[in-house]
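# Summary of the model geometry
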There are 2 protein chains.
Amino acid sequence: MQRFVNDPDYIVDDMVKGFVKAHEDLIVKSDKNDRVVKYKNAPVEGKVGLVTGGGSGHEPAFLGYLGENMMDAVAVGEVFSSPSAQAFYDAFMEVDAGKGVACLFGNYAGDNMNVKMAIRKAKKKGVEVKMVTATDDISSSPKETKEKRHGIAGGVFMWKIGGARAALGGSLDEVIQSAQKAVDATRSICVGLEPCTIPAVGHSNFNIEDGKMEFGIGHHGEPGMQVQKLKPAKEIAAEMTKAVYEDLGLQDGDETAVIVSGLGAAPLMELYVLYDEVERYLKEKGIRIYQTLVGNYVTSLDMNGAALTVMRLDEELKELLDYEARCPGLTIKAK
Amino acid sequence: MQRFVNDPDYIVDDMVKGFVKAHEDLIVKSDKNDRVVKYKNAPVEGKVGLVTGGGSGHEPAFLGYLGENMMDAVAVGEVFSSPSAQAFYDAFMEVDAGKGVACLFGNYAGDNMNVKMAIRKAKKKGVEVKMVTATDDISSSPKETKEKRHGIAGGVFMWKIGGARAALGGSLDEVIQSAQKAVDATRSICVGLEPCTIPAVGHSNFNIEDGKMEFGIGHHGEPGMQVQKLKPAKEIAAEMTKAVYEDLGLQDGDETAVIVSGLGAAPLMELYVLYDEVERYLKEKGIRIYQTLVGNYVTSLDMNGAALTVMRLDEELKELLDYEARCPGLTIKAK
């Protein structure tokens, strides 16, 4: 295992320490819980508190989305494991400024269970918390049961939209509504070329044969829709775009925001090669691309692969997307 | 070769197409030369024109540093090869607004030769071009011959500082002076864990044995100072920081800006693990860190490795570093 790591069992602690040090202008560790990191100005007076969280190994998610007009606290889990209910609860308490807390996270069984426990506990303390789960990964469940789908890079849009709505003074219900609108308008798909290795395990827990690829792989190596022959980038990108386009039911004239996110070990050069075809495909269908992000936005340790995320926009989502924000993972500056 | 690529011989064309499409709010292709991409508002009236360029495979460098208060044009080379003299010349012509052009690039033989030819040609057309070369890689030549050193992630500081000085209305000489000041104050070192593969070659042209690492590897796989046993991240980071600290002659009380850049395939999680120790080392020596960047800033295709870059700051460099900027590789928003 050729990795930059100390004791693999403590990689999350080491990473969190580095993260907090690198971004001390924006974030601080909670005094109360080592697995809670918060925006340094949280709780922000008069604003709904925003919390996210999830397993580690997806950097810059989740910590990287803490900051100005973005998340106010993050509950940090072990590699690919949900944070504890206590961490979510402590995160809620750190950011509540009396207007309630919105918890915006990815739809995974462990996270769901722990967030719900934390919400009940917060309620007893008189803090109202509502939640939205990102369900953008179309490969994780068929359309008929899309409420079971997992959240992947689409979370970035949910956080950006929810963060902007809260910053603009939205009530808890309004923040939840906007974040849910972003989720409903967003679909993603991943392709994996090489697996990832959990540092404490030391070898990959799944395999992708040379010359093959996993179309629709999950962010933790969940088996894809199909093992396919590795194809030229153009064909991969077209197939990814088609899948997302159809599932979202995009129509001629729709406006979108697009993310091509690397999964950790895919070079940026190749993400741009993919994007060239994503754009061509969408344009040919009459779809306008209003905003594009290409880079590592939500990753899976050292997995070699890429995710495509598309959000259908309306005027509200465009305004919220453009709203200024500053966090380690994404800075939006007025044009 | 598990990669997202079409015809490997045309990967640069495909990448440039994707890049221009993804960032059409900021950049456009030159009409005159397919291997020149420019800031959409260039030439900017009343401003010194800024050009950079180099081989491809280092994304987001060089294209990603085109934008608002950053570079005005980039000459694009093949993978790991200098752009042509014609591309540099055409880039100069695209951005000259009558105040001259500063060409800020990495110190490699091919780039140097081609830039100098292009400068002579521009002079004949009455366009004054001056140049600064980044020489931050301390492993590429001993201190006694530091003018021979190559430029790596330190280029980011050179571009940011030069870009801000030009945006503030600096003359050509002032832009050159500030960019050179940034170069003189900057040192970098790389560590490689796994090699990279040029897509058109299809296999890596060097090898790093499992359980070993190359301390001081170059951005194109140039052999490092030492092949060492792969160590814990803490030890690697301490050794990298010590090397840069000593070469730069940092002293108790100095202020710095720091970049930990991945080389392409290193997960962000591990870059933060490295940063934890970089910060500890510098702090212990009494060095203040004013600004930190952790991510993929200058890469080497799919190389698994990391670069540490440190710039010593003064009031001028701090002001220029903080100056607002917007480009695909780096957005700086007023605090």
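Conventions used here
- Residues numbered from 1 in each chain as written.
- Chains lettered and ligands numbered in written order.
- Predicted model: local features only at pLDDT ≥ 70, side-chain atom pairs only at ≥ 80, totals over all residues.
- Heavy atoms only, no water.
- Axes fitted to C-alpha atoms, helices over the stretch in contact; angles between N-to-C directions.
- Helix = DSSP H or I, 4+ residues; strand = E, 2+ residues; numbered from the N terminus.
- Parallel < 35°, antiparallel > 145°, perpendicular 65-115°, else oblique.
- Contact = heavy atoms within 4.5 Å.
- Nonpolar A, V, L, I, M, F, W, Y, C, P; charged D, E, K, R; others polar.
- UniProt positions renumbered as here; feature names shortened; annotations may be inferred.
- Buried area = accessible area lost by both parts, 1.4 Å probe.
- Salt bridge = Lys/Arg side-chain N within 4 Å of Asp/Glu carboxyl O.
- Polar contact = N/O pair within 3.5 Å; in protein donor to acceptor, adjacent residues only side chain to side chain.
- Pairing = 2+ DSSP bridges.

## Overview of the packing of helix α5 (residues 172-184) of chain A against helix α8 (residues 315-322) of chain A
Residues and elements named next belong to chain A. Interhelical geometry of α5 versus α8 gives an angle of 105° and a closest axis separation of 11 Å. One finds that α5 runs roughly perpendicular with respect to α8. When α5 is examined against α8, the residues Ser178, Lys181 and Ala182 are found in contact with a partner set consisting of Glu316, Leu317 and Leu320. The residue makeup of the contact of α5 with α8, split by class, is three nonpolar, one polar and two charged.

## Focus on the UniProt feature "domain: DhaK" (unreviewed entry) in chain A
When the UniProt feature table is mapped to this numbering, "domain: DhaK" (unreviewed entry) covers residues 7-330 of chain A. The distance from the first to the last C-alpha atom of residues 7-330 of chain A is 30 Å, and the span holds 33% helix and 25% strand.

## Focus on the interface of chain B and chain A
Contacts between the two partners involve 68 residues from chain B, matched on the other side by 69 residues from chain A. Taking both sides of the interface into account, the surface hidden between chain B and chain A amounts to around 5,500 Å²; carbon and sulfur atoms contribute 59%. It is Gln2(B), Phe4(B) and Met269(B) in chain B that bury the most area against chain A; as a group they hold 19% of the surface buried on that side. Along the contact surface separating chain B from chain A lie twelve salt bridges. With its nearest N and O atoms 2.7 Å apart, the salt bridge here joins Glu68(B) to Lys333(A). Where chain B meets chain A, there are 28 residue pairs in polar contact (both at pLDDT 80 or more). Counting only elements with at least two residues in the side of chain B that touches chain A, the list comes to α1 (11-22), β7 (186-194), α6 (233-248), α7 (268-284), β11 (288-295), β12 (304-312), β13 (325-327) and β14 (330-332) of chain B. Tallying contributions element by element places α7(B) first for the side of chain B that touches chain A, with ten residues. Along the lines of polarity and charge, the residues of the side of chain B that touches chain A split into 33 nonpolar, 13 polar and 22 charged.

## Digging into the pattern of salt bridges
Tallied over the full model, the rule gives 62 salt bridges over all chains. Ionic pairing is found between Glu277(B) and Arg280(B), a salt bridge with its closest N-O pair at 2.9 Å. Taken as a pair, Glu277(B) and Arg280(B) lie in helix α7 at a separation of three residues, close to a single helical turn. Beyond isolated ion pairs, a larger network of salt bridges with shared partners links Asp14(A), Lys17(A), Lys21(A), Asp276(B), Glu279(B) and Lys283(B).

## Concerning the sheet that holds β7(B)
Residues and elements named next belong to chain B. Spatial strand order, β9-β8-β7-β12-β10-β11: six strands in an open sheet with mixed pairing. Every other strand in the sheet has two partners, leaving β9 (226-229) and β11 as the edge strands with one partner each. Within this sheet the neighbouring strands show an average axis-to-axis angle of 20°, counted without direction. Direction of pairing for strand β10 (residues 255-262) relative to β11: parallel, over a ladder of seven bridges. Its bridge partner lying in β11, Ser261 is registered against Gly295.

## Side note on unusual backbone geometry
Along the chain, Ala61(A) connects to Phe62(A) via a cis peptide bond; the corresponding omega equals 0°. Position of Phe62(A) relative to the elements: it lies in the loop between β3 (49-56) and β4 (73-79). In this chain, Ala42(B) is followed by Pro43(B) through a cis amide linkage whose omega measures -5°. Notably, Asn69(B) is not glycine yet its phi reads approximately 60°, a positive angle. Summarising the element assignment, Asn69(B) is placed in the loop between β3 (49-56) and β4 (73-79). In this model, Phe80(B) sits at a positive phi of 60°, which is unusual for a non-glycine residue. Within the fold, Phe80(B) resides in the loop between β4 and α2 (85-95).

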